[in-house]
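An overview of the molecular structure
Take a look at the letters that make up each chain.
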Amino acid sequence: MNIENIIHELNKGVDKKNIYLDEKMSKHTTFKVGGNADVFVCPNNIKELSHVIKVCNILDVPYFVIGNGSNIIVKDNGFRGVIIQVYKNLSDVCIKDGTIVAGAGIMLSKLAKIIAEESLEGFEFASGIPGTLGGAIYMNAGAYGGDMSQVLVSADVVDQQGNIITLTRDELKLGYRTSILQQSNHIVVSGVLKCERGNKDTIACLIQNLNNKRKEKQPLNFPSAGSTFKRPEGYYAGKLIMDSGLRGYKIGDAQVSEKHCGFIINKGNATANDIISLINYVKVNVEDKFGVELQTEVKIIGE
Ligand SMILES: Cc1cc2nc3c(=O)[nH]c(=O)nc-3n(C[C@H](O)[C@H](O)[C@H](O)COP(=O)(O)OP(=O)(O)OC[C@H]3O[C@@H](n4cnc5c(N)ncnc54)[C@H](O)[C@@H]3O)c2cc1C
């Protein structure tokens, strides 16, 4: 892979100040671990994003899109290729008659606040999830009984040729922490949501209550990616892990949280390898004890 050539081609359609070389991925993931990406690009707009994808395809360079990096582990040796961050540059919001059109890069907390200000209800569940709208659609993120499938109407995505297409909620095939995007490599650039009119104070109060619950139950003072594992049918991952005697179990500086066993946390200087080793250790122990195969919710990339 010729990095100079990639940069040369990217420069033709992307603002130079949004292209970074050898970028530390620990700066862009909530776990605060991971090696460097060869190239890291934050496109200013959809045109720039399409250009990046076209360049990667023409030069046959691997690429991966991230939002806030709140559900990702980048391995310690980093990512060979281009990481594309869809974040603050693509975060405009427009609301009319309960229909919200928002850029994929907006943080859910900010979007929830804007929606609540308009006295629209149904998006409160998302206010404490520390990801972008794009990441939330890809994951069908959810909490406290709500998820993206309940409010999403459609999403505009850029396909592998750099074209924009609209996918309806049905076409997105949103399921438990999954969507069709997990198979297609399409990049979300915006989403259309529909919320009902509600009472502003009630909405604000619900958001406050849900966020208080989070603070009470989750180890929010340590870097993590939230729940490390998906909920296995009929069980809770955290309880299985606790009942396996792994509460507080550590490998290096990666630890099964004592506050919430479903979270693996970085106690300070964990490496991606510590975290991945701990994930595997937990999986083996839970399967041995309960015969339940845990699946990771967090996505692992790099080498
Ligand atoms: C403290 C904490 C609490 C959390 N609580 C919850 C919770 O309650 N519920 C929940 O569901 N999740 C939770 N999470 C996990 C995480 O916040 C969500 O999965 C979130 O939706 C990820 O968004 P992101 O922008 O950070 O995506 P990233 O972590 O950057 O990426 C996650 C996946 O989405 C893909 N992706 C990101 N942006 C795009 C895009 N624009 N187009 C296409 N694909 C994209 C990436 O390729 C990757 O595969 C929590 C995480 C933390 C750290």
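Figured I'd write up the structure that's included with this text. No experiment lies behind these values; they were computed from the predicted model shown.

Before going further, it helps to examine the sheet that holds strand S2 (residues 36-41). Spatial ordering of the open sheet is given by S1-S2-S5-S3, a layout of four strands whose pairing is mixed. Both edges of this open sheet fall to strand S1 (19-24) and strand S3 (63-66), since each of them pairs with a single strand only. Averaged over all adjacent pairs, the angle separating strand axes in this sheet is 35 degrees, with direction ignored. Summarising the sheet, S2 and strand S5 (residues 79-85) pair through four bridges and their orientation is parallel. Each residue of the ladder has a partner; that of Ala37, found in S5, is Phe79. Taken strand by strand, helix H2 (residues 46-58) contacts S2, S3 and S5, and its axis lies near 160 degrees from that of S5.

Below, the discussion takes up the environment of Ile137. Here Ile137 is to be found in helix H4 (residues 133-139). A C-alpha to C-alpha distance of 9.7 Å links Ile137 and Ser154, two positions 17 residues apart in sequence.

A few words now on the nonpolar core. Counting residues in each nonpolar core, the largest one holds 51 residues, and the members touching the most others are Val82, Leu111, Phe123, Leu133, Ile137 and Leu193. In terms of residue count, the dominant contributor to this core is H2 (five residues). Two domains each put at least three residues into this core: domain 1 (3-85) and domain 2 (89-203). Counting 24 residues, the second largest nonpolar core, distinct from the first, contains Ile73, Leu240, Ile276 and Val292.

Attention now goes to the packing of aromatic side chains. Aromatic ring pairs are described here by two measures, namely the spacing of the ring centres and the angle between the planes. The tally for this structure, following the rule as stated, stands at four aromatic pairs. Residues Phe64 and Phe79 carry aromatic rings whose centres are separated by 6.5 Å and whose planes lie at 55 degrees to one another, so their mutual orientation is tilted. On the criterion of sequence distance, the pair formed by Phe64 in strand S3 and Phe79 in strand S5 is long-range, its members being 15 residues apart. Relative accessible area serves as the criterion here: at 10%, Phe79 is assigned to the buried category.

Cut-offs used in this document
- Residues numbered from 1 in each chain as written.
- Predicted model: local features only at pLDDT ≥ 70, side-chain atom pairs only at ≥ 80, totals over all residues.
- Heavy atoms only, no water.
- Pairing = 2+ DSSP bridges.
- Helix = DSSP H or I, 4+ residues; strand = E, 2+ residues; numbered from the N terminus.
- Axes fitted to C-alpha atoms, helices over the stretch in contact; angles between N-to-C directions.
- Contact = heavy atoms within 4.5 Å.
- Core = buried A, V, L, I, M, F, W, Y, C linked by side-chain atoms within 4.5 Å.
- Buried < 20%, exposed > 50% of the residue type's maximum accessible area, 1.4 Å probe, protein only.
- Domains from an automatic or database assignment.
- Phe/Tyr/Trp six-rings, centres within 6.5 Å; stacked < 30°, edge-to-face > 60°.

Function cannot be inferred from these measures alone, as they are strictly geometric.
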